[in-house]
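Okay, here's what each chain looks like letter by letter:
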Amino acid sequence: MLKMDVAARFGDFAIEAKLSCETTGIIALFGRSGAGKTSLINMLAGLTRPQRGRISVNGNVLFDSARGIDLPPESRRLGYVFQEGRLFPHMNVRNNLSYGYRRTPTAKPRVEFDQVVELLGLDRLLARRPGGLSGGEKQRVALGRALLANPRLLLMDEPLAALDQPRKEEVLPFIERLRDTLDIPIVYVSHSMAEIVRLADTLVLMSDGRVEAVGGVEDLTSRLDLRPLTGRYEAGAVVRAQVERHDDSFGLTELRFAGGVLRVPRVEAALGAELRLRIRARDVSLARERPQGLSILNILPCRVEAIGTEAGPQVDLRLDASGAALWARITRRSVVDLALAPGAPVFALIKAVAIDRTSLGRDAGANRFLAPASSRES
Amino acid sequence: MLSVSPLEMEAVRLSLWVAVWSVAVSLPLGVLTAWILARTRFPGHGLLNGLVHLPLVLPPVVVGYVLLVLLGRQGPLGRILFDWFGVTLPFTWQGAALAAGVMAFPLMVRAMRLSLEGVDRRLEAAARTLGARPPAVFMTVTLPLMAPGILAGIILAFARALGEFGATITFAANIPGETRTLPLALYSMIQTPGGEGPAFRLAILSVLISLGALIVSEALAHRLRARLAA
């Protein structure tokens, strides 16, 4: 359990945050810049002192103003991956990596040096200095350095924000590997919903120094009242699905979720594997009757549940697809033309190619591992 | 004309000896003072800063005189040193080293403080999250990163100590083989009839030593900068 209840004031900016969540998988801290995400994670790490409050991780009290407890950062055993890497410029990669490893208090470290080097693909970089590394390589070394300090919790403060898209794509799979192979929970600060849907299990929404909501990624992203916080452009539903069938002749995979079957371009996952995928509102159109002669593969019967009240030419509608929440973004004019109202039966049209493959995320728990390539079923 | 006499050689050796000792002893003190000035704030901060920089603006003779008053046999500190430890500083080479060290101290501290202020404190924070206590952070991160400033401080202080004249002659006098360093020997030669030759040679030696120190420091600084290039 991660429990925080802290208050602090920095000039005009006040933080008053309270949160409590299980420490499994990746916990994402999401909010606009200036929402207090970094301040909160710095308090957790012990780099910023709250004026009052209490912080505990798995029962270990790190800070308690009432009892006068304030563990220094070096005693908290929380690994920290900073946005700018913060590698030591006067040491080579090997010495950067072993900086925390050498100082691990436990006799038996949970992760070994060679294991991390292999996991993050660092063997060719060991003798080099941080000055000569690319942005993506630097972040991989920073990841390894934090891991090797054998933390009970790994903190990542927008580790990809300083990288361009290709570099992001280079580092993301390594974070996924960390999540899937090591049993170290991660607190991941980000303002990119795409990254969060891909990586995280739990979502903590922050705004103006406050924690607005804590919950599963699917639950929070489908809530209309949180829409101003989760963002409009990236808005969409996150659904859990199971791989049901691979259709090799057309290179498709059928995924079963509560609302029916979705056909998506072939996914490299074993039959029965649990996946999480995001269907963006802007990729879903609506029809009152089941359309004929249409190239769109995914046509799901739904019921309109709620219609957004946002001003402007477009509106978001929440749909109920036999229990699963979906979102559709259509023009206000279509709402009127189709006479859509809560309760109206509709068909949601989702283009197969519109399902964002990069947003495929794995589930927490036993089913979260993708099958290795060799045991893939066809 | 160009052959160096044993007397002149002795002045050179003594100069280097005095300068090395003055730098070696003031080095840890200089790092500590730079750290206090750069990283801490307390009520007497401005006063300490002024005190450290005083030798830079005072006439050296005044510094030598103050040292003499404080550390002479009858001085408040000098009496304690002699009675308890049997140490006498005035008119000894240790005294010359002290005078040179005091005069060079502000230059050393300035260079170190400047480089310490340039050290990225976020790297120190990162080191602490990796399990290093503050003293370990200082030794493994702060000190290596301020190395160029420490080197610059050493070189500046060494050069200043080699050239020190006023405070030395006032506090330690001009005793051949004990406190007659290169500048003092040069001064004595100029005062002596027929001393033009030795004076000229001492001036050349002085130039050579300073030039050598500069070249070595430049080479070291270059290597350090290459090591730290981020």
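Every chain is numbered independently, its residues counted from 1 as its sequence is written. Each chain is given a letter, starting from A, and each ligand a number, starting from 1, according to the order in which they appear as written. Reporting in this predicted model follows two pLDDT cut-offs: at least 70 for local features of residues, and 80 or more for side-chain atom pairs to be given and counted; totals over whole chains, interfaces and linings ignore these cut-offs and use all residues. Here the side-chain values reflect all heavy atoms present in the structure, with hydrogen atoms and water set aside.

Asks: In this structure, what is going on with the sheet that holds strand 1 (residues 2-10) of chain A? I would like to understand it.
Replies: In a beta sheet, neighbouring strands pair by backbone hydrogen bonds and run either parallel or antiparallel. Residues and elements named next belong to chain A. The strand order 2-1-4-5-6 describes an open sheet built from five strands, whose pairing is antiparallel. Pairing within the sheet leaves two strands with one partner each, and these edge strands are strand 2 (13-21) and strand 6 (69-70). Here, strands pair whenever DSSP counts at least two bridges between them. Secondary structure elements follow DSSP: runs of H or I of four or more residues count as helices, runs of E of two or more count as strands, with numbering from the N terminus. Judged from the nine bridges that link them, strand 1 and strand 2 form a sheet pairing that is antiparallel. Residue pairing in the sheet places Ala8 in a bridge with Ile15 of strand 2.

Asks: Is there a simple way to think about the pattern of salt bridges in this case?
Replies: For side chains bearing opposite charge, pairing can occur when the charged atoms are close. Here, a salt bridge means any side-chain nitrogen of Lys or Arg that lies within 4 Å of a carboxyl oxygen of Asp or Glu. Applying the stated criterion to the full structure yields 25 salt bridges over all chains. Across the salt bridge formed by Lys37 of chain A and Glu158 of chain A, the nearest N and O atoms sit 4.0 Å from each other. Placement of Lys37 of chain A in helix 1 (residues 37-45) and of Glu158 of chain A in the loop between strand 8 (153-157) and helix 6 (165-181) is noted, with a sequence separation of 121 residues between them. Each residue is placed in one exposure class: buried if its accessible area under a 1.4 Å probe, protein chains only, is under 20% of its type's maximum, exposed if it is over 50%, and partly exposed if it falls in between. A relative accessible area of 4% means that Lys37 of chain A is categorised as buried. The closest approach of N and O atoms between Arg318 of chain A and Glu305 of chain A, which form a salt bridge, is 3.0 Å. Of this pair, Arg318 of chain A sits in strand 18 (residues 314-321) while Glu305 of chain A sits in strand 17 (residues 298-307); the two residues are 13 residues apart in sequence, bridging distant segments of the chain. Judged by its relative accessible area of 39%, Glu305 of chain A is partly exposed. Each of Glu84 and Arg86 of chain A together with Asp120 and Arg122 of chain B takes part in one network of salt bridges that share partners.

Asks: Looking at this model, I keep getting lost on the nonpolar core. Mind explaining?
Replies: In summary, soluble globular proteins display a tendency toward joint burial of nonpolar side chains. Among buried residues, the Ala, Val, Leu, Ile, Met, Phe, Trp, Tyr and Cys ones that are joined through side-chain atoms within 4.5 Å form a nonpolar core. Leu97, Met156, Ile175 and Leu203 of chain A are the most contacted members of the largest nonpolar core, which totals 48 residues. In terms of residues, this core owes the most to one element, helix 5 (residues 135-148) of chain A, which gives six residues. The contact criterion used throughout is that any non-hydrogen atoms of two residues lie within 4.5 Å. Beyond its immediate stretch of four places on either side in the chain, Ile175 of chain A contacts Ile26, Leu143, Met156, Pro159, Leu160, Tyr188 and Leu199 of chain A. Grouped together as the second largest cluster of nonpolar side chains are 47 residues, Ala149 of chain A together with Val31, Ala34 and Leu123 of chain B included.

Asks: Before we go on, may I ask you to explain a nonpolar patch on the surface in this structure?
Replies: Residue and element names in this part refer to chain B. Taken together, Val62, Tyr65, Val66, Val69, Leu70, Leu77, Ile80, Trp84, Phe85 and Val87 make up a surface patch of nonpolar side chains, about 950 Å² in accessible area. The set of elements that each furnish at least two residues to the nonpolar patch consists of helix 3 (60-71) and helix 4 (76-85). Of all the elements, helix 3 adds the most residues to the nonpolar patch, at five residues. Examined against the element boundaries, Val69 turns out to sit in helix 3. A patch consists of residues whose relative accessible area exceeds 30% and which take part in no salt bridge; residues with like charges are grouped when within 9 Å of each other, and nonpolar side chains (Val, Leu, Ile, Met, Phe, Trp, Tyr) when within 5 Å. Residue burial considers only the protein chains on display, and all accessible areas are found by Shrake-Rupley using a 1.4 Å probe.

Asks: What am I meant to see in the interface of chain B and chain A here?
Replies: The accessible area lost on association of the parts is a frequent measure of interface size. The interface is formed by 22 residues belonging to chain B together with 22 residues belonging to chain A. A 1.4 Å probe defines the accessible area here, and the buried area is the portion of it lost by two parts on being joined, summed over both. Between chain B and chain A the total buried area reaches about 1900 Å² when both faces are included, carbon and sulfur atoms providing 63% of it. The interface formed by chain B and chain A includes two salt bridges. Between Arg122 of chain B and Glu84 of chain A there is a salt bridge; the shortest N-O distance is 3.2 Å. In protein, a polar contact requires one atom able to donate a hydrogen and another able to accept it; more generally it is a pair of N or O atoms within 3.5 Å, and residues adjacent in sequence count only if both atoms are side-chain atoms. Here chain B is connected to chain A by five residue pairs in polar contact (both at pLDDT 80 or more). When residues of the side of chain B that touches chain A are traced back to their parent elements, those giving at least two are helix 6 (121-129), helix 7 (134-145) and helix 11 (196-228) of chain B. Classifying every residue of the side of chain B that touches chain A by side-chain character gives 15 nonpolar, three polar and four charged. Note on residue categories: nonpolar means Ala, Val, Leu, Ile, Met, Phe, Trp, Tyr, Cys or Pro, charged means Asp, Glu, Lys or Arg, and polar means any other residue, Gly included.

Asks: I keep staring at the environment of Gln94 of chain B and nothing clicks. Help me out?
Replies: All names here are of chain B. Examined against the element boundaries, Gln94 turns out to sit in helix 5 (residues 93-117). Considered as a pair, Gln94 and Ile36 are 58 residues apart in the sequence and their alpha carbons are 27 Å apart. Residues contacting Gln94, with those up to four places away along its chain left out, are Leu89 and Glu178. One polar contact links Gln94 to Trp93, side chain to side chain, over a distance of 3.5 Å.

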